[in-house]
Amino acid sequence: MGSSKKIILVTFLVSFYMFSCVSSTEFEVGGEDGWIVPKSKTRGDMYNQWASDNRFKVGDTLRFNYTKDSVLVVSEEEYKKCKATKPQLYSNNEDTVFKLDRPGLFYFISGVSGHCEKGQKMIVKVMETESSTESPPPSSSSSSSSSSSLPASTPKAKKSNAFKTAVQLCSSGFVVFAVLAVSVFALV
């Protein structure tokens, strides 16, 4: 194979690697505290504060860790009333992963009576991206913790482990790139 063909091939493989590096992030809701009833009235808006401190994009996931509680994805009206008649998602498995599958607002509340009224609720705004200008309608089939694209366990940390998850996904893209490069050069 000529040297110009090798250069084109290497350029193609590098380009493939750069575009295969998926940059989605998993956020642990509430950080170290997890999904709990706020301990005081001064912390009553703690989840909306947490959400406003982070930037969410389509493809990111939210991990809710809790004990003897639940998480519901609801409409804006249900969020305001702290009452869910037809939640888009109900989960009480103590480790719920929810995929943000479209730009816009998502509304979350606790399903345990009285918890939402005490501040266990959150609005997440997912940013519009260039690739999400043609967004699908809201999906009610968002998954709980059995998602194959996520790490099996996510350690709790004082700060969000979001960066770690994004790096893991990029690292797996690098492994794919390395295997392709070795395979191609073995054939040359």
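Parameters at a glance
- Residues numbered from 1 in each chain as written.
- Predicted model: local features only at pLDDT ≥ 70, side-chain atom pairs only at ≥ 80, totals over all residues.
- Heavy atoms only, no water.
- Pairing = 2+ DSSP bridges.
- Helix = DSSP H or I, 4+ residues; strand = E, 2+ residues; numbered from the N terminus.
- Axes fitted to C-alpha atoms, helices over the stretch in contact; angles between N-to-C directions.
- Core = buried A, V, L, I, M, F, W, Y, C linked by side-chain atoms within 4.5 Å.
- Buried < 20%, exposed > 50% of the residue type's maximum accessible area, 1.4 Å probe, protein only.
- Disulfide = S-S within 2.5 Å.

**Student:** Just checking my understanding: could you explain the sheet that holds strand β6 (residues 95-99) for this structure?
**Tutor:** Each strand in a sheet pairs with its neighbour through backbone hydrogen bonds, running either in the same direction (parallel) or in the opposite one (antiparallel). The strand order across the open sheet built from three strands is β1-β3-β6, with neighbouring strands paired in mixed fashion. This sheet does not close on itself; its edge strands, each paired only once, are β1 (26-28) and β6. Adjacent strand axes in the sheet meet at a mean angle of 25°, parallel and antiparallel pairs treated alike.

**Student:** Would you explain the sheet that holds strand β8 (residues 121-127) in this entry?
**Tutor:** If you trace the five strands from one edge of the open sheet to the other, you get β2-β8-β7-β4-β5, paired in mixed fashion. The outermost strands of the open sheet, each flanked by one partner alone, are β2 (56-57) and β5 (89-91). Across three bridges, strand β4 (residues 71-74) lies against strand β7 (residues 104-109) in antiparallel orientation. Bridged to valine 74 within β7 is tyrosine 107.

**Student:** Would you mind going over the nonpolar core with me for this structure?
**Tutor:** Nonpolar side chains in soluble globular proteins tend to end up buried together. Judged by nonpolar contacts, the single largest core of 21 residues is most densely connected at Trp35, Phe56, Leu62, Phe64, Phe108, Met122 and Val124. Of all the secondary structure elements, the ones that give two or more residues to this core are α2 (46-52), β3 (61-65), β4, β7 and β8. Here the element with the most residues in this core is α2; it accounts for four residues. Val74, Cys82, Tyr107 and Cys116 belong to the second-largest nonpolar core, a separate cluster that totals seven residues.

**Student:** Just to check I follow, could you spell out the pairing of β7 for this structure?
**Tutor:** Put simply, side chains in a regular strand alternate between the two faces of the sheet. When β7 meets β8, the two strands line up antiparallel, connected through six bridges. Across the sheet, the residue bridging to glycine 104 is valine 126, located in β8.

**Student:** Is there a simple way to think about the state of the cysteines in this case?
**Tutor:** Note on terminology: disulfide describes a covalent bond linking the sulfur atoms of two cysteines. Tallying each qualifying case throughout the model produces one disulfide. One disulfide bridge connects cysteine 82 with cysteine 116, the sulfur atoms lying 2.1 Å from each other. Its S-S torsion of approximately -65° makes the covalent link between cysteine 82 and cysteine 116 left-handed. With cysteine 82 in the loop between α3 (76-81) and β5 and cysteine 116 in the loop between β7 and β8, the pair connects residues that are 34 residues apart, well separated along the chain. As far as the burial class goes, cysteine 82 and cysteine 116 line up, both buried.

**Student:** Where do I start with the environment of serine 113 in this structure?
**Tutor:** Among the secondary structure elements, serine 113 is positioned in the loop between β7 and β8. With a relative accessible area of 71%, serine 113 lands in the exposed category. Along the sequence, serine 113 and aspartate 69 sit 44 residues apart, while their C-alpha atoms lie 9.7 Å from each other.

**Student:** Is there a simple way to explain unusual backbone geometry in this structure?
**Tutor:** Generally, phi is negative for residues other than glycine and the peptide bonds are trans, each holding for most cases. Located in the positive-phi region is lysine 68, a residue other than glycine, with phi close to 50°. Considering the arrangement of structural elements, one finds lysine 68 in the loop between β3 and β4. The exposed category is assigned to lysine 68, whose relative accessible area is 73%. Although it is not a glycine, glutamate 94 sits at a positive phi angle of roughly 70°. The topology assignment puts glutamate 94 in the loop between β5 and β6. Relative accessible area serves as the criterion here: at 39%, glutamate 94 is assigned to the partly exposed category.

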